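Chain by chain, the residues:
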There are 2 protein chains.
Amino acid sequence: MLELHGQQLIGNATSAESDDTFQAANPTTGESLPTVFHEATESEIDRALTLAAKAFVAFRQTSAEDRARFLEVAADEVEALGQQLIDTTMAETGHPEPRCVGERGRATGQARMFAQLAREGSWVDARIDLAQPDRQPLPKPDVRSLKFPVGPIVVFGASNFPLAISVFGADTVSALAAGCPVVVKAHPAHPATCELVARAILKAAEQTGMPEGVFSMVQGRTNAVGLGLVQHPETAAAAFTGSLRGGRALFDAANARPVPIPFYAEMGSVNPIFVLPGALKERGGEIASGYIQSLTLGVGQFCTNPGLVFGLDSEEMSSFVSGAAEGAKAAAPATMLHAGIHHAFTEGVNAMQHRSGLTLVGQSTAPADEAKSEAACYVFETDAEGLRNNPELYEEVFGPVSTVVKCPDGSDLEEFASQMEGSLTASIHGTEEDLANHRGLIDILEKKVGRLIFNGFPTGIEVCHAMHHGGPYPATAHSYFTSIGTRCIDRFVRPLCFQGWPQSQLPEELQDTNPRGILRLVEGEYTKDPVQK
Amino acid sequence: MLELHGQQLIGNATSAESDDTFQAANPTTGESLPTVFHEATESEIDRALTLAAKAFVAFRQTSAEDRARFLEVAADEVEALGQQLIDTTMAETGHPEPRCVGERGRATGQARMFAQLAREGSWVDARIDLAQPDRQPLPKPDVRSLKFPVGPIVVFGASNFPLAISVFGADTVSALAAGCPVVVKAHPAHPATCELVARAILKAAEQTGMPEGVFSMVQGRTNAVGLGLVQHPETAAAAFTGSLRGGRALFDAANARPVPIPFYAEMGSVNPIFVLPGALKERGGEIASGYIQSLTLGVGQFCTNPGLVFGLDSEEMSSFVSGAAEGAKAAAPATMLHAGIHHAFTEGVNAMQHRSGLTLVGQSTAPADEAKSEAACYVFETDAEGLRNNPELYEEVFGPVSTVVKCPDGSDLEEFASQMEGSLTASIHGTEEDLANHRGLIDILEKKVGRLIFNGFPTGIEVCHAMHHGGPYPATAHSYFTSIGTRCIDRFVRPLCFQGWPQSQLPEELQDTNPRGILRLVEGEYTKDPVQK
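A few points on the structure. (Residues numbered from 1 in each chain as written. Chains lettered and ligands numbered in written order. Predicted model: local features only at pLDDT ≥ 70, side-chain atom pairs only at ≥ 80, totals over all residues. Heavy atoms only, no water.)

1. Here's the deal with the overall build of chain A
Of regular secondary structure, chain A possesses 15 helices and 23 strands. Radius of gyration (C-alpha) of chain A: 25 Å, near the 24 Å computed for a compact globule of 533 residues. Taking the principal axes of its C-alpha atoms as reference, chain A extends roughly 75 × 65 × 40 Å. The buried share among the 533 residues of chain A stands at 65%. Taking all contacts inside chain A whose residues are at least 6 apart in sequence as the whole, residues at least 24 apart take part in 75%. Summed over its atoms, the accessible surface of chain A is roughly 18,100 Å², and 50% of this surface lies on carbon and sulfur atoms. When the 40 positive and 65 negative side-chain charges of chain A are each reduced to one mean point, those points stand 6 Å apart. (Helix = DSSP H or I, 4+ residues; strand = E, 2+ residues; numbered from the N terminus. Rg over C-alpha atoms; globule rule 2.2 N^0.38 Å. Buried < 20%, exposed > 50% of the residue type's maximum accessible area, 1.4 Å probe, protein only. Contact = heavy atoms within 4.5 Å. Areas by Shrake-Rupley, 256 points an atom, 1.4 Å probe, with all protein chains shown as cover. Lys, Arg positive; Asp, Glu negative; His and termini not counted. Charge placed at Lys NZ, Arg CZ, Asp CG, Glu CD.)

Written as structure tokens, this is what we have:
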């Protein structure tokens, strides 16, 4: 068992300069947890980023194999935390044990995936255009380029995935795989989980001979810590998962810097589901129960939680609503991540209950225990007019609450899809014929979301090469980038071009002999062959 | 000969709502040119972008072959403007005829390169991860993704490349190749050139059956037009080449929108040259003359113009400075793009002449004719102390003026490289041994620039796959993106992901049979083969 100290982890040192401290609470009891955490000071933030900037030179020159080993050993060390990590995460988040174990597996699997990506190496998008010294009217120079790490990355962990989107989440491991040092801001709702994981990463860094400062973590619950990290001159980019309000404030700060930096924020979204007539006929009941399952997964606290469902008014649609209502009634209330989130959820649901044109059709029958921050599941129903009169329904209420909209006509579906803000996902349940019949709807959704799902549900994101978890604003701050899947790494690299550069001084990926054996674009052709001159 | 009308080109219509008009001037005479141009109104801007948004659905569904044809026919039509275009460009910019002809060739060659890129098709980065319905504990869905056009793009042409970085520059042609409609803001210093080229593009759009609104152009010399374009809700992204002041203002406006959009600004830079001892010994005189040639190319009005040269104090370095000074003296003054740029240049040079520690060592012997907006070439010399006392020297003065800094020691080179702001390029003249001896300097420059040049000069950018024309701020607003070379297209596309999507409704690039024959990442392997199931 590791004894927690509640201090900043700055390279190999610990630090607790501030007397401003905080404790996390166990949401299932409301009681404070024992460890006292110290708010990071300006000078601690400065030390972490200065050390990261210093480490950047040596770290980016480590081999891909060395970085892969670092990630793999870190994954091993996170696993080696064993039951202590699981118990700590459960206590801080109210997540049940299987969820914590599963999420740890996703985190370590993801780290090993990025280790493999680094090792394989083709992700650097190496390009080589050869010289033509005799070209007329002007000689052509030798031009080569690859994706190069940008520098220290600040990572803001998410509250809802304390293991998979936090200290050792995709942001951290993709930045490390790219060759960027990382400074994490621990999430104040699960600071002990963060400390354990950070210490495992630091142990791995030491074991694998990484330069000091390649990883640091600071604690904080005030805006000042986040702002200080984003505004620090050595910060090259930042990745964030959280609320629209917090994300936008930090995004604005990142852009207002004398030297603006990319701020990649994933801020959640409403993730509409469209249930088309053919699918309703074939399997309306099954879709209704899948919908409730998706809605209540992780107590509705997933970024891709489905907040709105659209269908065409019909007998089948009414059955669908009844099915969903029954599902909601049967759903057991469960503990949310922390009292603040629970409070916001309760307020959001209360506001909906007072909106005219909106009917509560299903609610968990079992009572929700306020003292345990438990959330019941709520399903509302409205019609096209109701949605037009209540545009607030387009905004996400974080938690297991959702609204089904019965529309008179396919054109209403298109109207509502057009009105919708950017979203991470949209799901369509239909037959292939439905899909062909609603091409206009798809045309609109293509502009509005990052991921289109057919006959499935948005929650439960596959971690893979093709995944895209990023949609138009406000789903994310920059829709070109994902925070899940191997494309993550693109957030932390920029092209660096070498012109006329001697072979001996080029990065391996750009040398004629292709010693890494990676796929490259040579003279406009993709090949793993050495350069033939 | 086309008769110019000076109106907005909004799809197939012309429009001149405003009585606020302007005329361009011939910089070689100072006289106003005849055509009267109408400032675009808010409603004209709105019409152009509304039409572009409407065209976006049909345009992105055109085949890559159709888009390639559109670009090729547009290149043909630009060439078909013949001598009228060349004469117009010469009159508006003071560029000599061979430069205009050469630049037209670069523009049309670039358009054909993007046509070829679209046709080949692998740039979409198609990725396929196959379903595993029986995977435990959860089935794996079929996930596919590709880069997808984002929507209407606003393009701000540059003053210094009226043909290659303007209406039909890389911004426009890469956006069109990607499937994004384009609305260009014509440059007020060469509005007639813009009108001719825009009409050629519109002619090509009509000939190749493109949807109306795929291309529009508005005129304007006030900030309101630029701001209106960036703030319009249908604008999905914008590309800009120009000054730091103008670029930053529009960048801030793009980020302050309710829905922020990417604003890709290339804002020029100081492009340092480091002349290392081995190279100085071998060929100091040759480097000095190459330097002056690069400095005076296009009357010093290239984004990559070398503003600072560093070397270690020595007899050879003194000879180098003498050589550069002689080169400057021999350089003929020439007409700058317009009176405003000429005025800023004169002011910049005057300020330098009054800085202590800075010595003017060479200046064009022939007199510069103010009435023709002519600029002389100026080379200043200073030492390490002089640069430390005059940090303004790190800022670009647009035009043929440059400063040589004699440093006592290699550590000064590193200090100055560290002090430097982000730059598009850095050039090193040296032997391979010099390069190995100055690894610390290279380590710093890798963080500071987008392109590293060995034994060459930064001006004269090769248009190719590997080129990167984009450096850390303030060289560009987002250093991850280039404005020259095929990687340009990445600025206008975002990943779009399809999960469980039926084959018949997938984009061709993601269908099992790979009908486009493109390179794809299938199950983590790069291949052009069809998907084997």
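Don't stop here, the text continues.
2. A look at the packing of helix α3 (residues 82–93) of chain B against helix α4 (residues 97–120) of chain B
Residue and element names in this part refer to chain B. For the pair α3 and α4, interaxial distance at closest approach is 9 Å and the crossing angle is 120°. Taken together, the axes of α3 and α4 lie oblique to each other. Our pair here, α3 against α4, has a crossing hand that is right-handed. On α4, the residues that touch G82, Q83, L85, I86, T89 and M90 of α3 are E97, C100, V101 and R104. Here the residues of the contact of α3 with α4 are counted per class, giving 5 nonpolar, 3 polar and 2 charged. (Axes fitted to C-alpha atoms, helices over the stretch in contact; angles between N-to-C directions. Parallel < 35°, antiparallel > 145°, perpendicular 65-115°, else oblique. Left-handed = near helix turned anticlockwise from the far one by under 90°. Nonpolar A, V, L, I, M, F, W, Y, C, P; charged D, E, K, R; others polar.)

3. Let's talk about the interface of chain B and chain A
At the junction of the two partners, chain B supplies 82 residues and chain A supplies 82 residues. Roughly 6,700 Å² of surface becomes buried between chain B and chain A when both sides are summed, with 55% attributable to carbon and sulfur atoms. The interface formed by chain B and chain A contains 47 residue pairs in polar contact (both at pLDDT 80 or more). Taken together, the elements giving at least two residues each to the side of chain B that touches chain A come down to α1 (42–60), β5 (127–129), β6 (143–149), α8 (244–256), α14 (432–437), α15 (439–448), β20 (449–454) and β21 (493–499) of chain B. (Buried area = accessible area lost by both parts, 1.4 Å probe. Polar contact = N/O pair within 3.5 Å; in protein donor to acceptor, adjacent residues only side chain to side chain.)

4. Description of the relation of the copies chain B and chain A
Each copy of the sequence occupies a distinct position, and chain B is placed on chain A by a rotation of 180° and an axial shift of 0.0 Å, giving an RMSD of 0.0 Å. The transformation relating the two chain copies, once decomposed into turn and shift, fits a two-fold axis. Of the C-alpha atoms belonging to chain B, the one lying closest to the rotation axis is found on N255 of chain B, 3.6 Å away. (Least-squares fit on C-alpha atoms with pLDDT ≥ 70 in both.)

5. Description of the nonpolar core
Soluble, globular proteins show a tendency: their nonpolar side chains are buried together. With 220 residues, the main nonpolar core has F215 and I428 of chain A together with F215 and I428 of chain B as its most contacted residues. The residues contacting I428 of chain B, other than those within four sequence positions of it, are W501 of chain A together with F274, L276, L435, L441, I442, L445, I453, F454 and N455 of chain B. Among the nonpolar cores identified, the runner-up in size contains 26 residues, and I45, A238, F263 and Y473 of chain A belong to it. (Core = buried A, V, L, I, M, F, W, Y, C linked by side-chain atoms within 4.5 Å.)

6. Concerning the sheet that holds strand β2 (residues 13–15) of chain A
Residue and element names in this part refer to chain A. As summarised here, the arrangement of the 7 strands in space is β2-β1-β9-β8-β7-β10-β11, forming an open sheet in which the pairing is mixed. Each of the sheet's edge strands pairs with one partner strand only, and the pair in question is β2 and β11 (263–266). Pairs of neighbouring strands in the sheet enclose a mean axial angle of 20°, with direction left out of account. Against the sheet, helix α8 (residues 244–256) touches β7 (153–156), β10 (237–241) and β11, its axis set at about 170° to β11. (Pairing = 2+ DSSP bridges.)

7. A few points about the pattern of salt bridges
If you walk through the whole model with that rule in mind, you get 57 salt bridges over all chains. Between R199 of chain B and E195 of chain B there is a salt bridge; the shortest N-O distance is 2.6 Å. Placement of the pair is R199 of chain B and E195 of chain B together in helix α6 (residues 191–207), with a separation of 4 residues, close to one helical turn. Residue classification places E195 of chain B among the buried positions, given a relative accessible area of 0%. Through salt bridges with shared partners, a single ionic network connects R60 of chain A together with R439, D443 and E446 of chain B. (Salt bridge = Lys/Arg side-chain N within 4 Å of Asp/Glu carboxyl O.)

8. A look at α15 of chain B
Where burial is concerned, most of α15 of chain B is hidden: 7 out of the 10 residues are buried. Among all positions of α15 of chain B, only L441, I442, D443, I444, L445, E446 and K448 of chain B are buried.

9. Description of the sheet that holds strand β22 (residues 520–522) of chain A
Across the sheet, which stays open at both edges, the 12 strands sit in the order β23(A)-β22(A)-β5(A)-β6(A)-β21(A)-β20(B)-β19(B)-β12(B)-β13(B)-β18(B)-β17(B)-β15(B) with mixed pairing between neighbours. Two strands bound the open sheet, and with one partner strand each, they are β23 (525–527) of chain A together with β15 (359–363) of chain B. Each neighbouring strand pair of the sheet contributes to a mean axis angle of 20°, computed without reference to strand direction. The strands touched by helix α9 (residues 277–296) of chain B are β12 (273–275), β13 (308–312), β17 (378–383), β18 (401–407) and β19 (423–429) of chain B; relative to β18 of chain B, the strand with the most contacts, the crossing angle is about 165°.

10. Things to note about the packing of helix α2 (residues 64–80) of chain B against helix α5 (residues 170–178) of chain B
All names here are of chain B. Remark: α2 packs on α5, axes separated minimally by 9 Å, with the N-to-C direction vectors making an angle of 155°. When the interaxial angle is binned, α2 and α5 end up roughly antiparallel. Of the residues in α5, those in contact with R67, F70 and L71 of α2 are V173, L176, A177 and A178. Its residues placed into classes, the contact of α2 with α5 shows 6 nonpolar, no polar and 1 charged.

11. Topic: the packing of aromatic side chains
Going through the model one piece at a time under the given rule, you end up with 33 aromatic pairs over all chains. Judged by centre distance (6.4 Å) and plane angle (85°), the rings of F59 of chain A and F70 of chain A are edge-to-face. Residue F59 of chain A is found in helix α1 (residues 42–60), and its partner F70 of chain A is found in helix α2 (residues 64–80); the two are separated by 11 residues along the sequence. F70 of chain A matches F59 of chain A in its accessibility class, with the two residues each being buried. Consider the rings of Y480 of chain A and F481 of chain B, whose centres lie 6.2 Å apart with planes at 90°: the pair is edge-to-face. Here Y480 of chain A is found in the loop between β20 (449–454) and β21 (493–499), whereas its partner F481 of chain B is found in the loop between β20 and β21 on a different chain. The structure contains a cluster of three or more aromatic residues connected by ring pairs, namely Y264, Y480, F481 and F492 of chain A together with Y264, Y480, F481 and F492 of chain B. The aromatic ring of F161 of chain B is capped on one face by R99 of chain B, whose charged end is 4.6 Å from the ring centroid. Cation over ring: R106 of chain B sits above F161 of chain B, and NZ or CZ is 5.0 Å from the ring centre. (Phe/Tyr/Trp six-rings, centres within 6.5 Å; stacked < 30°, edge-to-face > 60°. Lys NZ or Arg CZ within 6 Å of the ring centre and 35° of its normal.)

12. Re the pairing of β20 of chain A
For β20 of chain A, the tally of buried residues reaches 6 of 6 residues, placing the bulk of the element in the interior. Where β20 of chain A and β21 of chain B come together, 3 bridges link them in parallel fashion. Note that in β21 of chain B the partner of I453 of chain A across the bridge is Q499 of chain B.

13. Side note on empty space enclosed by the protein
Per the counting criterion, the structure on display carries 5 cavities of 30 Å³ or more. Each pocket or cavity is described by its volume, and for the largest cavity that value is around 210 Å³. Along the wall of the largest cavity there are 18 residues; nearest its centre are F251, N255 and H478 of chain A together with N255 and H478 of chain B. Those elements that provide at least two residues to the lining of the largest cavity are α8 and β11 of chain A together with α8 and β11 (263–266) of chain B. (1 Å grid on protein atoms, 1.4 Å probe; cavity = no way out; pocket = protein on both sides within 12 Å on 5 of 7 lines; lining within 4 Å. Points joined across faces, edges and corners; volume = space filled by probe spheres on them.)

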